[in-house]
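Notes for the structure review
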Number of protein chains: 2
Amino acid sequence: MQFHHATLPNGLTVLGETNASALSVAMGFFVRTGSRDEIGDESGVSHFLEHMVFKGTERRDALQVNRDFDRIGADNNAFTSEEMTVYYASVLPEYMQPSLDILADILRPSLRDSDFQTEKKVIKDEIARYEVRPEWAAYDQSRKLFFGDHPLGHSILGTRESVDALTSRQMMDYFLRRYSAANVIAVAAGNYNWDEFLASVGAKCGSWNGGPVAARRREETKPRPGLQIIPREKTTQEYVMMWAPGPSAESPLRYAAHVLTSIIGDYTGSRLYWELVDPGFADSADISYVDGDAAGAFLLSYSCQPETAAANLKIVERVAAEIQRDGVTDDELRVARTRLAAREVRGSERTHRRMLGVGRDWIYLNEYRTLDDELAAVDAVNHAAIRELLDRYPLRDWMTVALGPLEKFD
Amino acid sequence: MQFHHATLPNGLTVLGETNASALSVAMGFFVRTGSRDEIGDESGVSHFLEHMVFKGTERRDALQVNRDFDRIGADNNAFTSEEMTVYYASVLPEYMQPSLDILADILRPSLRDSDFQTEKKVIKDEIARYEVRPEWAAYDQSRKLFFGDHPLGHSILGTRESVDALTSRQMMDYFLRRYSAANVIAVAAGNYNWDEFLASVGAKCGSWNGGPVAARRREETKPRPGLQIIPREKTTQEYVMMWAPGPSAESPLRYAAHVLTSIIGDYTGSRLYWELVDPGFADSADISYVDGDAAGAFLLSYSCQPETAAANLKIVERVAAEIQRDGVTDDELRVARTRLAAREVRGSERTHRRMLGVGRDWIYLNEYRTLDDELAAVDAVNHAAIRELLDRYPLRDWMTVALGPLEKFD
């Protein structure tokens, strides 16, 4: 395993982790942009643009993009988050070059107006499909309420109205503003030759515009204690989402946050599992650590029959208060560390996962971290680290949002 | 990568593939038994027993089984098919011994009557949840109709009635009959010491009863041409399942069958994709190669608006007839081989997948096959092999079952 790093004259970052015993090569283009970077009327443009990238270039139409990936047996896709948009493909080592050729090509899309209009319909259908899912609606609406005017509250999909109002001119402006070479990282992991990869990225992406990219507003999240009920008649279950501030993705406390949320909410056995799910009080109950650029949160959620929602909230508040007061046990700490280490190791067997990890660490930390670095950091989480985390980001003052049949909690 | 093989005095087979550069070790116990081995009133007992195996032993209750897996960060589960029942876990190399200890322990379950009655409710709920899914009902019912009195037609879940009527005595009989050591294969793949693994399997499983196991009825499937309509009012889509005989899992024609079904039905682009899905005539359309012990089949399926179901059937029949007459193109052959090889390689990056492959190959072929053996066999599929397959198992005389709002096709 060896790490490589270079920057093209136009500012594009090229990263590599080579592993001669890997069977494949995974590569990705990470663009440091997402819904939090949308301004004005642009809501939904990052995700919409991700779709448009597959609609073709000067050299390939949409059909040819699909066929060319298929010809080399690529496992390819893309995703958009609040903070990044990632295009990736995994292939056999002999197809490193053609895979890179397609990815580099589509990252300079034509953005044809006719495709834009057709795809707008697809996106609006996608939003409509999500809107009818109550767990998604509860998540999306509570996220917006918790982050308030912080850009991390922006919806990735946008609304049907915001997407409908978007123009291809707006998308082009967003593309020119955010897809500058200086805002892009090309990453490869697995079995390939670094010099060849770097030379090819240079040949294919060296001419990309590398203009400066505006810095993000970077501020922490604030607690917004309170309870908000969003009645939705047609839903049978009550979906409860509880938000509180947590450490950012760059914080040294992030490992403690992963361990703590595993102890509180892991599906294989955790405080919430034994208190709510195992006895049948709730259908699901968990807590995630939402790690963002300079801002983070804890999101505790459960779903249950509406008549048990209020009693379950009391249980959740008690569980959180007990942890806040007493911390966790030696045994919980040991089990959670082992669980997280095992998952990290199993995930890393795939070159795809290593590629995502290398890209992500660079985006958030500007740093390369080996699998062993990660395992050592997880292993170092002790009672003192958990205490420091709880003192800095207490598990209280939750902003609670309940979506479902209830009109009030009592 | 090195292969190891031993047999305990009681007949239990022990297999290993060691790979010093792997990060984890995956192990599994394969029992050569499934719904096809159920006789008389036993329908559903194999799958029910798989659940009961996690309910505890003399040394551990159900809670302890879960906690012990969780303590070592194991990714563990089990599945039941028509022909095998597999219990597995993946762990970090240092937990090979405790992982093996739990698996070997649970494979001699207590089968307590109180647990049996509780779990019966869980299984019946599971069946009820499946029954309301029309695509599953179409699959389960068409499978039964196609295989007729061939044991491969047995339902894995059974029915709510058959499960309700099962007694713990029947389960114990089935366990004694099918879970003999002579019918079990223990497999490990990844980073571990073979001698230690073998010694531990011997220590933990050497005392298992190793009585003889009855041989299976082994006969090929027969074509059952015809069209059967199963009206189901509340369904909005029509689900069409088409069955025809195909090669068995042991047949040298199996690689050609994988390549051919990829050309006809792969979701990334294939004859059915371009003829039915891309133009919007059907929501989905694919074909699978169903490979069983001494018997196999092709299952072509599509779902669509009921009013287009009959026209789509004509398209499907034309696509099949064209392939039957003209074979496939050079380009299709090349693309499909690349696609299958790439998926095989990417899958093999996980020790879990290698463990499943080693166990499966031994069950069906009594043979160890390396990844390179598989890749070479896929690469060797040429026009002559496709022709031989089509001559032996023609793509016609389909048994077609349509479940949905339609009462007739016209």
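Please refer to the structure placed before this passage.
Residues numbered from 1 in each chain as written. Chains lettered and ligands numbered in written order. Predicted model: local features only at pLDDT ≥ 70, side-chain atom pairs only at ≥ 80, totals over all residues. Heavy atoms only, no water.

**Digging into the overall build of chain A**
- Check the secondary structure of chain A and you find 15 helices and eleven strands.
- A compact globule built from 410 residues should have a C-alpha radius of gyration of about 22 Å, and chain A, at 22 Å, falls within 12% of that.
- Burial statistics for chain A: of 410 residues in total, 58% are counted as buried.
- Once local pairs closer than 6 in sequence are excluded, the contacts in chain A between residues at least 24 apart make up 82%. (Helix = DSSP H or I, 4+ residues; strand = E, 2+ residues; numbered from the N terminus. Rg over C-alpha atoms; globule rule 2.2 N^0.38 Å. Buried < 20%, exposed > 50% of the residue type's maximum accessible area, 1.4 Å probe, protein only. Contact = heavy atoms within 4.5 Å.)

**Regarding the packing of aromatic side chains**
- Under the counting rule described, the total for this entry stands at 32 aromatic pairs over all chains.
- Ring plane angle 85° and centroid distance 5.0 Å describe the contact between Y273 of chain B and W274 of chain B, whose orientation is recorded as edge-to-face.
- The class of W274 of chain B is partly exposed, set by a relative accessible area of 26%.
- Sitting over the ring of W274 of chain B, R67 of chain A keeps its end group 4.5 Å from the ring centre. (Phe/Tyr/Trp six-rings, centres within 6.5 Å; stacked < 30°, edge-to-face > 60°. Lys NZ or Arg CZ within 6 Å of the ring centre and 35° of its normal.)

**Describing the interface of chain B and chain A**
- Tallying the contact residues gives 32 residues for chain B and 32 residues for chain A.
- Between chain B and chain A, roughly 2700 Å² of surface is buried when both sides are summed, and carbon and sulfur atoms account for 56% of that area.
- Seen at the junction of chain B and chain A, the total is five salt bridges.
- Of the charged contacts, one joins D70 of chain A and R339 of chain B as a salt bridge, the two residues approaching to 2.8 Å between their closest N and O atoms.
- At the boundary of chain B and chain A, one finds 14 residue pairs in polar contact (both at pLDDT 80 or more).
- Elements with a contribution of two residues or more to the side of chain B that touches chain A: α2 (62-71), β5 (85-91) and α12 (330-348) of chain B. (Buried area = accessible area lost by both parts, 1.4 Å probe. Salt bridge = Lys/Arg side-chain N within 4 Å of Asp/Glu carboxyl O. Polar contact = N/O pair within 3.5 Å; in protein donor to acceptor, adjacent residues only side chain to side chain.)

**Considering helix α8 (residues 194-205) of chain A**
Residues and elements named next belong to chain A.
- A rise of 1.5 Å per residue sets the reference length of α8, with its twelve residues, at 16 Å; its end C-alpha atoms lie 16 Å apart and thus fit the reference within 8%.
- Buried residues of α8: W194, F197, S200, V201 and C205, and no others. Viewed end-on, α8 has its buried residues packed into an arc of 130°, placing them on one side of the element. Of the exposed residues in α8, the ones pointing more than 90 degrees away from its buried face are D195, A199 and A203. (Expected span 1.5 Å × (residues − 1). Arc of directions from axis to C-beta.)

**Points about the sheet that holds strand β2 (residues 13-18) of chain B**
All names here are of chain B.
- Read across the open sheet, the six strands follow the order β1-β2-β6-β3-β5-β4; overall the sheet is mixed. Each having just a single partner strand, β1 (2-7) and β4 (75-80) make up the two edges of the open sheet. Going across the sheet, the axis of each strand differs from the next one's by a mean of 10°, ignoring polarity.
- Across seven bridges, strand β3 (residues 25-31) lies against strand β6 (residues 184-190) in antiparallel orientation. Residue F30 lies in a different strand from β6, and its bridge partner there is I185.
- Contacting β3 and β5, helix α3 (residues 96-106) runs over the sheet at an angle of about 15° to β3. (Pairing = 2+ DSSP bridges. Axes fitted to C-alpha atoms, helices over the stretch in contact; angles between N-to-C directions.)

**Some details on the side chain of S155 of chain A**
Residues and elements named next belong to chain A.
- Relative to the assigned elements, S155 resides in the loop between α5 (134-147) and α6 (160-165).
- Within polar-contact distance, the side chain of S155 engages the backbone nitrogen of L157 at 3.4 Å.
- Excluding residues that lie within four positions of it along the chain, S155 makes contacts with S35, E38, S43 and D140.

**Looking at helix α2 (residues 62-71) of chain A**
- Of the positions making up α2 of chain A, those classed as buried are V65, D68, F69 and D70 of chain A.
- Among the structural elements, β4 (75-80), β5 (85-91) and α3 (96-106) of chain A together with α12 of chain B are those in contact with the buried residues of α2 of chain A.

**Quick word on the relation of the copies chain B and chain A**
- Mapping chain B onto chain A leaves a residual RMSD of 0.0 Å; the transformation is a rotation of 180° accompanied by 0.1 Å of translation along its axis. The superposition of one copy onto the other is thereby described by a two-fold rotation axis. Every residue of chain B has its C-alpha some distance from the rotation axis, and the shortest such distance is that of E349 of chain B, at 2.9 Å.
- A symmetric contact is evident, with 100% of the interface residues of chain B recurring at the interface of chain A. (Least-squares fit on C-alpha atoms with pLDDT ≥ 70 in both.)

**Overview of the packing of helix α9 (residues 254-265) of chain A against helix α12 (residues 330-348) of chain A**
Residue and element names in this part refer to chain A.
- The contact between α9 and α12 brings their axes to 9 Å, and the two run at 110°. Put simply, α9 runs roughly perpendicular to α12. As α9 packs across α12, the resulting crossing turns out to be right-handed. Facing H258, V259, S262 and I263 of α9, the residues of α12 in contact are E332, L333, A336, R337, R339 and L340.
- Residues that form the contact of α9 with α12 fall into these classes: five nonpolar, two polar and three charged. (Parallel < 35°, antiparallel > 145°, perpendicular 65-115°, else oblique. Left-handed = near helix turned anticlockwise from the far one by under 90°. Nonpolar A, V, L, I, M, F, W, Y, C, P; charged D, E, K, R; others polar.)

Treat this as a map of the structure, not an account of what it does.
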